[in-house]
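# Summary of structural features
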Amino acid sequence: HTPTTHMASRVLDLLKAKANPLRAVIVAKNHPKTLMCEVMKTKFVRTKYGGIEKTRTRLMVHDAKDEGRIGDEVLIKHSRPYSARKRHILHEIVRPFPPSAFLDSHPESNTPRAIPKV
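Residues numbered from 1 in each chain as written. Predicted model: local features only at pLDDT ≥ 70, side-chain atom pairs only at ≥ 80, totals over all residues. Heavy atoms only, no water.

### Digging into the side chain of His88
Filter applied, for reference: A run of H or I in DSSP becomes a helix once it reaches four residues, and a run of E becomes a strand once it reaches two; helices and strands are each numbered from the N terminus. We call two residues in contact whenever any of their non-hydrogen atoms come within 4.5 Å of each other.
Of note, His88 is situated in strand S5 (residues 86-95). Apart from residues no more than four positions distant in its own chain, His88 is found in contact with Leu59, Met60, Val61, His62, Ile76, Lys77, His78 and Ser79.

### Describing the environment of Pro81
Locating Pro81 in the fold gives a position in the loop between strand S4 (73-78) and S5. Those residues in contact with Pro81 that lie beyond four places of it in its chain are Lys86 and Arg87.

### Some thoughts on the side chain of Thr34
Under the convention used in this document: Each residue gets one of three labels from its accessible area relative to the maximum for its type: buried under 20%, exposed over 50%, partly exposed in between, using a 1.4 Å probe on protein chains only. Polar contacts here mean pairs of N or O atoms no more than 3.5 Å apart (in protein, one a potential hydrogen donor and the other a potential acceptor; neighbouring residues in sequence count only if both atoms are side-chain atoms).
As for its position among the elements, Thr34 is in strand S2 (residues 34-44). Given the relative accessible area of 10%, Thr34 is considered buried. Among the polar contacts made by the side chain of Thr34, one reaches the side chain of Lys86 at a distance of 2.8 Å.

Below, the structure written as structure tokens:
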């Protein structure tokens with residue numbers, strides 16, 4: 001390869017990597033249309049005994065429809081910058097967290113319980 005074709009293929013690889021959605025779990029929702037998601041990555045460690053190393057990355061994600069809930073498993077994609085730290089967008093909710101699905105179908109159960117005084 002010449003240096004220019006090698007550089008072009010490297011740029012295309014980076015663009016493809018950004019186009020692939022990441023699987024994440026919503027861990028916080030503190031502001032409207034903003035989610036904090038956690039992406040777990042695993043890699044093989046080449047030590048004497050081998051092993052697997054897990055790392056987690058927390059990313060701020062833009063949720064245009066404001067439909068994500070804490071605990072949901074989602075797909076996120078890289079996008080244009082929405083703020084200083086928000087560079088991803090919610091692509092799809094893969095699996096909603098079971099309690100949030102239950103509360104949507106049974107709104108009468110969503111009342112705060114009285115805390116007994118001791």
